[in-house]
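# Summary of structural features
Chain by chain, the residues run as shown.
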Amino acid sequence: MTSSPRPTRRHLLAAGAAFAAFLAASAASAASAEERVKLLIGYQDLTVPSTVTTSKVLEGAPYDVEWVILPGPAAQLSALYSKNIDVGHMGDTSLIIEQGKAKDEWVEGNPPLQIIAGWRANDGKYPPIVTVVRTDAKIDTLADLRGKKWSYNFGGFNYLQYVLTGLKAGLTPKDYEAVQLGDQNASAAAFNSGRVDAFSGSIAPVGESIEKGTARVLITSDELEIPALNVFTARGDVLKDPAKRAALADFLARVRTHWTWYADHLDEVQKLYEEKVKQTPARAKLTTLYQKATFQPLDDKLVAREQKIADILTEAGGIPKKINVNVEFYRGFNSSTVGGN
């Protein structure tokens, strides 16, 4: 029987060096995995998360993205403050209300939250936000809202649509029955079922009622001069983190590419809304058209429009103090969203 040769000192040193190299590589790999950035992106429903995922624009990204579905702007804001998400989805006026009611002043350079990107559909046939009325409610003018049941949800441009419609009508909540519900889907469901006479919010969830002739648009967000952007809002500490800021710049550029994909794949998007979001074929068709959007620049023109809205809300008592809207906007990602600075 032949015995195995005893390892020499040279063999032992070589083996030790190889093992040390293996440990170093493993440690480097683990450190690299730990350093990989993860973005927690809040959204109010499955629509955009589903289309972004299906478009595959995030494939190969050097960071991870986790979508967190939280219906309604109030839930998005709560998750931002509690650091359960890095970015939240809401309307462009949500921060006007948030800042206007804040105990502490928001200052340039250190606001708690900022809008980093905004988008909307550009087709005039599909106004993003509306006040609609049931055709059997005998509401022919804004003044006819007096004494009617009117559903809405608090926060964001849905709430602003509700407030400014009332102001234009010369009415206060004492003049009609205000029905505040948890989110847009709940308030739209109340309207579609006939439990209320009027609704303020996105046109998509009431589109079928309009198509059937059981509802009609009374006034649009464009007529009320509301920008009506969907926006991504980030916490101040997220924007101060170089790694997350770089990841967000890349993420928004990829979502911008996704909007091009969306416009070229409307049939696929409609099918996705039916199967993934569980919408009826009619609702999915309307949602597909209403949400064919593009990013809009965060610029002086937009800020001026938002400041005007904030001033109107202050004068009407919708927010208790005058605010500087400019502090709410972070323009550092315009190059990613619209190609500007």
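Quick notes on the rules
- Residues numbered from 1 in each chain as written.
- Predicted model: local features only at pLDDT ≥ 70, side-chain atom pairs only at ≥ 80, totals over all residues.
- Heavy atoms only, no water.
- Pairing = 2+ DSSP bridges.
- Helix = DSSP H or I, 4+ residues; strand = E, 2+ residues; numbered from the N terminus.
- Axes fitted to C-alpha atoms, helices over the stretch in contact; angles between N-to-C directions.
- Contact = heavy atoms within 4.5 Å.
- Buried < 20%, exposed > 50% of the residue type's maximum accessible area, 1.4 Å probe, protein only.
- Expected span 1.5 Å × (residues − 1).
- Polar contact = N/O pair within 3.5 Å; in protein donor to acceptor, adjacent residues only side chain to side chain.
- Parallel < 35°, antiparallel > 145°, perpendicular 65-115°, else oblique.
- Left-handed = near helix turned anticlockwise from the far one by under 90°.
- Nonpolar A, V, L, I, M, F, W, Y, C, P; charged D, E, K, R; others polar.

## Comments concerning the sheet that holds strand β7 (residues 177-181)
Taking strand neighbours across the sheet as the criterion, the five strands line up as β7-β6-β8-β5-β9 in an open arrangement whose pairing is mixed. Lying at the two open borders of the sheet, with one neighbouring strand each, are β7 and β9 (215-220). Adjacent strand axes in the sheet meet at a mean angle of 30 degrees when their direction is disregarded. As defined by bridge partners, strand β6 (residues 149-153) adjoins β7 across five bridges and the pair is classed as parallel. What sits directly across from Lys 149, in β7, is Glu 177. Against the sheet, helix α5 (residues 156-169) makes contact with β5 (129-134), β6, β7, β8 (198-202) and β9, and its axis sits at roughly 145 degrees relative to β6, the strand it touches most.

## With respect to the pairing of strand β4 (residues 113-121)
A large share of β4 lies buried, amounting to nine of its nine residues. Bridging between β4 and strand β10 (residues 230-235) involves six bridges; their strand directions are antiparallel. Each bridged residue has a counterpart across the sheet, and for Gln 114 the counterpart in β10 is Ala 234. When β4 meets strand β11 (residues 293-296), the two strands line up antiparallel, connected through four bridges. Bridging from a neighbouring strand, Ala 121 pairs with Ala 293 of β11.

## Quick word on helix α9 (residues 242-264)
End to end, α9 covers 34 Å across 23 residues, agreeing with the expected 33 Å (1.5 Å per residue, within 8%). If you check which residues of α9 are buried, you get Ala 247, Leu 248, Phe 251, Leu 252, Arg 254, Val 255, His 258, Trp 259, Trp 261 and Tyr 262. N-cap assignment for α9: the residue whose side-chain oxygen lies 2.9 Å from the backbone N of Ala 243 is Asp 241.

## Description of the packing of helix α10 (residues 266-275) against helix α11 (residues 281-290)
α11 packs onto α10 with a crossing angle of 135 degrees between their chain directions and a minimal axis gap of 8 Å. When the axes of α10 and α11 are compared, the pair comes out oblique. Crossing handedness for the pair α10 and α11: right-handed. Between α10, through Leu 266, Val 269, Gln 270, Tyr 273 and Glu 274, and α11, the contact on the second element is made entirely by Pro 281, Ala 284, Lys 285, Thr 287 and Thr 288. Taken together, the residues of the contact of α10 with α11 sort by class into five nonpolar, three polar and two charged.

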